Amino acid sequence: MNPGDLNSAISGARLRAAREAAGLSLSALAARTHYSKALLGMLETGQRQVWPEHVSAYADALGIGCALFVEPSDGEQAAAEWIERVALSDIGGDALDRLELAVDDLAAAYPTTPPGELLVRIRQHLGYAGRLMDSRKTLTQHRRLLVTVGWLSLLASTCHIDLGELPAAAARGHLAWKLADEAGHREIAAWCLETRAWQQLTGGGFAAAAELSRAAQVIAPDDSSAFIQATAQEGRALARLGDREGTYGALRRVARLVSGLNVPDRPEHHFRYDPAKSDAYVATTLAWLGDPAAESYARHVLADLAGAAFVRPRRIASANLDLGLALVVADKPDEAADVALTAVESGRLVPSNYWRVAEVVSGIEGRGVADAAIVREAFRDIYPST
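Source: prediction; values computed, not measured.

1. Description of the overall build of the chain
For the chain, the count of helices and strands is 21 helices and 0 strands. When the 386 residues of the chain are sorted by exposure, 51% land in the buried category. A separation of at least 24 residues holds for 67% of the contacts in the chain among residues at least 6 apart in sequence. Accessible surface for the chain amounts to roughly 17700 Å². Of this, 53% is attributable to carbon and sulfur atoms.

2. Here's the deal with the packing of aromatic side chains
In total, this model carries 6 aromatic pairs according to the counting rule given. Considering the side-chain rings of Tyr-354 and Tyr-383, the 5.4 Å spacing of their centres and the 55 degrees angle between planes classify their relative orientation as tilted. Taken as a pair, Tyr-354 in helix 20 (residues 351-365) and Tyr-383 in the segment after helix 21 (371-382) lie far apart in primary sequence, 29 residues in all. Owing to a relative accessible area of 17%, Tyr-354 belongs among the buried residues under this scheme. One aromatic cluster in this structure is built from Trp-151, Trp-191 and Phe-271. The positively charged end of Arg-240 is found above the aromatic ring belonging to Trp-288, 4.9 Å away from the centroid. Over the aromatic face of Tyr-110 sits the side chain of Arg-314, whose NZ or CZ is 4.5 Å from the ring centroid.

3. Examining the pattern of salt bridges
In this structure the tally under the stated criterion is 17 salt bridges. Its salt-bridge partner being Arg-19, residue Glu-44 comes within 2.8 Å of it at the nearest N-O pair. Of this pair, Glu-44 sits in helix 4 (residues 37-44) while Arg-19 sits in helix 2 (residues 12-21), placing them 25 residues apart in sequence. A salt bridge links Arg-214 to Glu-234; the nearest nitrogen and oxygen atoms lie 3.0 Å apart. Note that Arg-214 is positioned in helix 13 (residues 206-219) and Glu-234 in helix 14 (residues 225-240), a separation of 20 residues in sequence.

4. As for the side chain of Ser-318
Summarising the element assignment, Ser-318 is placed in helix 18 (residues 313-329). Judged by its relative accessible area of 19%, Ser-318 falls in the buried class. Every residue in contact with Ser-318, bar those within four places of it in the chain, is listed here: Asn-353 and Arg-356.

5. A word on the packing of helix 10 (residues 139-162) against helix 12 (residues 186-202)
Packed helix pairs are characterised by how far apart their axes lie and by the angle those axes make with each other. Between helix 10 and helix 12, the least distance of the axes is 11 Å, while the angle of their chain directions is 5 degrees. Between helix 10 and helix 12, the interaxial angle falls into the category roughly parallel. Facing Val-147, Gly-150, Trp-151, Leu-154, Ser-157, Thr-158, Ile-161 and Asp-162 of helix 10, the residues of helix 12 in contact are Glu-187, Ile-188, Trp-191, Cys-192, Thr-195, Trp-198 and Gln-199. Counted by class, the contact of helix 10 with helix 12 contains 8 nonpolar, 5 polar and 2 charged residues.

6. Concerning unusual backbone geometry
In this structure, Asp-223 is a non-glycine residue whose phi angle is positive, near 65 degrees. Positive phi, close to 60 degrees, is recorded for Asp-331, a residue that is not glycine. Structurally, Asp-331 is set in the loop between helix 18 and helix 19 (333-345).

7. Looking at the nonpolar core
Counting residues in hydrophobic clusters, the biggest one holds 48 residues, and the most contacted among them are Leu-118, Ile-122, Trp-151, Leu-154, Leu-155 and Phe-271. Broken down by element, the residue count for this core peaks at 11 residues, all from helix 10. The contact partners of Trp-151, leaving out residues within four places of it in the chain, are Val-103, His-185, Glu-187, Ile-188, Trp-191 and Phe-271. Counting 47 residues, the second largest nonpolar core, distinct from the first, contains Leu-289, Leu-302, Leu-325 and Leu-349.

8. A closer look at helix 19
Taking 1.5 Å of rise per residue, the 13 residues of helix 19 would be expected to cover 18 Å, and the 18 Å separating its terminal C-alpha atoms lies within 8% of that figure. For helix 19, the elements touching its buried residues are helix 18, helix 20 and helix 21. Residue Gly-347 follows helix 19 closely and has a positive phi angle near 70 degrees.

What counts and what doesn't
Residues numbered from 1 in each chain as written. Predicted model: local features only at pLDDT ≥ 70, side-chain atom pairs only at ≥ 80, totals over all residues. Heavy atoms only, no water. Helix = DSSP H or I, 4+ residues; strand = E, 2+ residues; numbered from the N terminus. Buried < 20%, exposed > 50% of the residue type's maximum accessible area, 1.4 Å probe, protein only. Contact = heavy atoms within 4.5 Å. Areas by Shrake-Rupley, 256 points an atom, 1.4 Å probe, with all protein chains shown as cover. Phe/Tyr/Trp six-rings, centres within 6.5 Å; stacked < 30°, edge-to-face > 60°. Lys NZ or Arg CZ within 6 Å of the ring centre and 35° of its normal. Salt bridge = Lys/Arg side-chain N within 4 Å of Asp/Glu carboxyl O. Axes fitted to C-alpha atoms, helices over the stretch in contact; angles between N-to-C directions. Parallel < 35°, antiparallel > 145°, perpendicular 65-115°, else oblique. Nonpolar A, V, L, I, M, F, W, Y, C, P; charged D, E, K, R; others polar. Core = buried A, V, L, I, M, F, W, Y, C linked by side-chain atoms within 4.5 Å. Expected span 1.5 Å × (residues − 1).

Following this line, the structure appears as structure tokens:
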């Protein structure tokens, strides 16, 4: 074949198939060539004629060499067949779109849905994703599916932690980590470490929680939700360790990160940082540190939650526990008992919160207030499995 005949032999559809087989978007390919995204799109859709220089640019950018296009006819045909084969898919055009939207819906439902109920829905979607994984698909679709299953597994791990099912949480978290590595998805990987940090924090492994939070910050894309959350988590772990300087440093870093940060379109989404969370984390962190300012922060958070258009009962229960601990520090055990009872009677506490109830009740008992027994009895009545 003469080089001058390349334009007649190579169609835009084959260029597109080669690009998609390499897992590159038009924007990514444009960045690797001197051609614009618009021109590349016209070449692939047949709106512009394909010339030898276009073929060479694709071959170089994709790292497959011009030989893929200029071998003798039998070799050329074999290469073309391989390109077409990797571009084939049994997955409908909007199947992955619907699955990705479902993941967002599940993550947004996390703050208001009991973790056991949410797990049922997550498993259903994982089953559907498994059937898609067994289907014939393009490389781009394969990566999208890996990412989607990674998010689902991570959310499942979070629910298992809430329920105190730690072996299952570890298995789901490990799967999410492996999928993130396979797909090259840094944010999922960072969330995996942050979630492990949170598990360590709720289990009393404060030094490990701080270390995992720092590791998550190293992996996470700059200014991403995972980076902000991991920084806040580090501050909470350092507060439990009594490291006042480190705690305040982490709080200042979070404040800088969220200043000017827009509220996400779905602020209840578990993996999208809502700036409103910042005050709640400050309240928790200061309460654990024993800082007197924790009381005013906790009251402010509760007032905001009460006036919000979107009700977040689990966050309200946690905020009451923050206020309860802050009131214990402020030597107001009677009011601490009242707000702790409110948190318990909400019925919205999960096993990962139970230790916080015990901490507040122990603080109230330590100040000789009999109402601690009322809180303890209510807790045993409402959460008998403990």
